[in-house]
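# Observations on the three-dimensional arrangement
Here's the letter readout for the chains.
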Amino acid sequence: MAASPSSPAPSRPPPPTRPPQTMWDSGKYTIVEDTGISLGEFPGRAVKLSQADGDFLVWNHVYLAGARMYQVMAVVSKADEAKSTANVTRFLDSFKIVK
(Lines give C-alpha, C1' and ligand atoms only; values in the text may rest on other atoms or scores of the structure.)
Protein backbone atom coordinates (compact mmCIF):
# COMPACT_ATOMS: atom_id res chain seq x y z
CA MET A 1 0.00 0.00 0.00
CA ALA A 2 1.42 3.36 -1.01
CA ALA A 3 1.73 6.18 1.48
CA SER A 4 -0.57 9.12 0.94
CA PRO A 5 1.05 12.52 0.39
CA SER A 6 -0.12 13.69 3.81
CA SER A 7 1.28 10.75 5.80
CA PRO A 8 4.64 11.30 7.51
CA ALA A 9 7.75 9.58 6.23
CA PRO A 10 8.58 6.39 8.11
CA SER A 11 10.87 7.09 11.03
CA ARG A 12 14.34 5.62 11.01
CA PRO A 13 16.39 4.75 14.03
CA PRO A 14 19.34 7.03 14.63
CA PRO A 15 22.61 5.83 13.13
CA PRO A 16 24.64 3.71 15.54
CA THR A 17 27.70 5.10 17.19
CA ARG A 18 30.91 3.87 15.64
CA PRO A 19 30.96 0.09 16.14
CA PRO A 20 34.20 -1.60 17.17
CA GLN A 21 36.33 -2.16 14.08
CA THR A 22 37.93 -5.27 15.52
CA MET A 23 37.34 -7.55 18.44
CA TRP A 24 40.30 -6.04 20.30
CA ASP A 25 38.86 -2.59 19.66
CA SER A 26 35.77 -3.55 21.68
CA GLY A 27 37.46 -3.19 25.07
CA LYS A 28 36.80 -6.85 25.89
CA TYR A 29 40.34 -7.88 24.97
CA THR A 30 43.82 -6.59 25.64
CA ILE A 31 46.57 -7.03 23.05
CA VAL A 32 49.38 -9.06 24.60
CA GLU A 33 51.49 -9.41 21.43
CA ASP A 34 51.20 -7.95 17.93
CA THR A 35 53.81 -8.99 15.40
CA GLY A 36 54.23 -8.79 11.65
CA ILE A 37 54.55 -12.27 10.11
CA SER A 38 54.50 -13.84 6.68
CA LEU A 39 53.47 -17.14 5.19
CA GLY A 40 55.70 -17.58 2.19
CA GLU A 41 55.10 -14.51 0.04
CA PHE A 42 51.95 -13.47 1.92
CA PRO A 43 52.13 -10.79 4.66
CA GLY A 44 50.25 -11.18 7.91
CA ARG A 45 49.87 -10.35 11.59
CA ALA A 46 50.16 -12.53 14.67
CA VAL A 47 48.07 -11.11 17.50
CA LYS A 48 47.71 -12.63 20.94
CA LEU A 49 44.78 -11.30 22.98
CA SER A 50 43.81 -11.65 26.61
CA GLN A 51 40.14 -11.57 27.51
CA ALA A 52 39.79 -8.59 29.86
CA ASP A 53 37.06 -9.98 32.09
CA GLY A 54 37.56 -13.69 31.55
CA ASP A 55 39.92 -16.59 31.59
CA PHE A 56 40.82 -16.98 27.92
CA LEU A 57 43.70 -16.18 25.59
CA VAL A 58 43.23 -15.90 21.82
CA TRP A 59 46.01 -16.50 19.31
CA ASN A 60 45.09 -15.03 15.94
CA HIS A 61 47.08 -15.24 12.68
CA VAL A 62 45.76 -13.21 9.75
CA TYR A 63 47.21 -13.34 6.23
CA LEU A 64 46.51 -11.35 3.06
CA ALA A 65 46.79 -13.31 -0.17
CA GLY A 66 45.83 -11.15 -3.10
CA ALA A 67 42.19 -10.12 -2.62
CA ARG A 68 41.63 -12.74 0.11
CA MET A 69 42.14 -12.69 3.84
CA TYR A 70 42.77 -15.88 5.79
CA GLN A 71 42.46 -16.12 9.56
CA VAL A 72 43.48 -18.94 11.89
CA MET A 73 42.61 -18.76 15.59
CA ALA A 74 43.16 -20.78 18.73
CA VAL A 75 41.57 -20.12 22.12
CA VAL A 76 42.82 -21.57 25.41
CA SER A 77 42.25 -20.87 29.07
CA LYS A 78 44.78 -18.63 30.77
CA ALA A 79 45.38 -21.40 33.32
CA ASP A 80 46.48 -23.75 30.52
CA GLU A 81 48.70 -21.26 28.66
CA ALA A 82 52.04 -22.80 29.64
CA LYS A 83 51.10 -26.32 28.64
CA SER A 84 49.14 -25.24 25.52
CA THR A 85 51.62 -22.87 23.88
CA ALA A 86 53.55 -25.58 22.00
CA ASN A 87 50.34 -27.15 20.65
CA VAL A 88 48.88 -23.78 19.66
CA THR A 89 52.11 -22.83 17.86
CA ARG A 90 52.17 -26.17 16.03
CA PHE A 91 48.51 -25.71 15.01
CA LEU A 92 48.95 -22.13 13.78
CA ASP A 93 52.16 -23.02 11.92
CA SER A 94 50.42 -25.91 10.15
CA PHE A 95 48.32 -23.52 8.07
CA LYS A 96 49.39 -23.26 4.42
CA ILE A 97 48.14 -21.20 1.49
CA VAL A 98 48.32 -23.06 -1.80
CA LYS A 99 47.90 -21.46 -5.18
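Structure: above.
Quick summary incoming for the structure in this document. (Residues numbered from 1 in each chain as written. Predicted model: local features only at pLDDT ≥ 70, side-chain atom pairs only at ≥ 80, totals over all residues. Heavy atoms only, no water.)

### Considering the sheet that holds strand β1 (residues 29-39)
What counts here: Here the rule is simple: two strands pair whenever DSSP picks up at least two bridges between them. The way it works is that DSSP assigns letters per residue, a run of H or I at least four long becomes a helix, a run of E at least two long becomes a strand, and they are numbered from the N terminus. Think of each axis as a best-fit line through the C-alpha atoms, taken over the contacting stretch in the case of a helix, with angles from 0 to 180 degrees between the N-to-C directions. We call two residues contacting when some pair of their heavy atoms lies within 4.5 Å.
Ordered in space as β1-β2-β3-β4, the four strands form an open sheet in which the pairing is antiparallel. This sheet does not close on itself; its edge strands, each paired only once, are β1 and β4 (68-77). Adjacent strand axes in the sheet meet at a mean angle of 15° when their direction is disregarded. Examined bridge by bridge, strand β2 (residues 42-51) and strand β3 (residues 56-65) share seven bridges and lie antiparallel to one another. Bridge pairing in β3 places Lys-48 opposite Trp-59. Along the sheet, helix α1 (residues 81-93) contacts β2, β3 and β4; its crossing angle with β4, the most-contacted strand, is approximately 160°.

### Considerations on the packing of aromatic side chains
The test is simple: Centres within 6.5 Å are what make two rings of Phe, Tyr or Trp a pair, Trp counting through its six-membered ring; a difference in plane orientation under 30 degrees is then read as stacked, over 60 as edge-to-face, and the rest as tilted. Note on exposure labels: buried denotes an accessible area under 20% of the residue type's maximum, exposed denotes more than 50%, and partly exposed covers the range between, all computed with a 1.4 Å probe on protein chains only.
According to the stated counting rule, one finds two aromatic pairs in the structure shown. Measuring from ring centre to ring centre gives 6.0 Å for Tyr-63 and Phe-95, while their planes differ by 15°; the resulting arrangement is stacked. Here Phe-95 lies in the segment after α1 and Tyr-63 lies in strand β3, a separation of 32 residues in the sequence. Looking at Phe-95, the relative accessible area reads 22%, which means it is partly exposed. Ring centres 6.1 Å apart and planes at 50° place the aromatic pair Tyr-70 and Phe-95 in the tilted group. Within this pair, whereas Tyr-70 is found in strand β4, its partner Phe-95 is found in the segment after α1, the two being separated by 25 residues in sequence. A relative accessible area of 27% means that Tyr-70 is categorised as partly exposed. A network of ring pairs unites the aromatic residues Tyr-63, Tyr-70 and Phe-95 as a single cluster.

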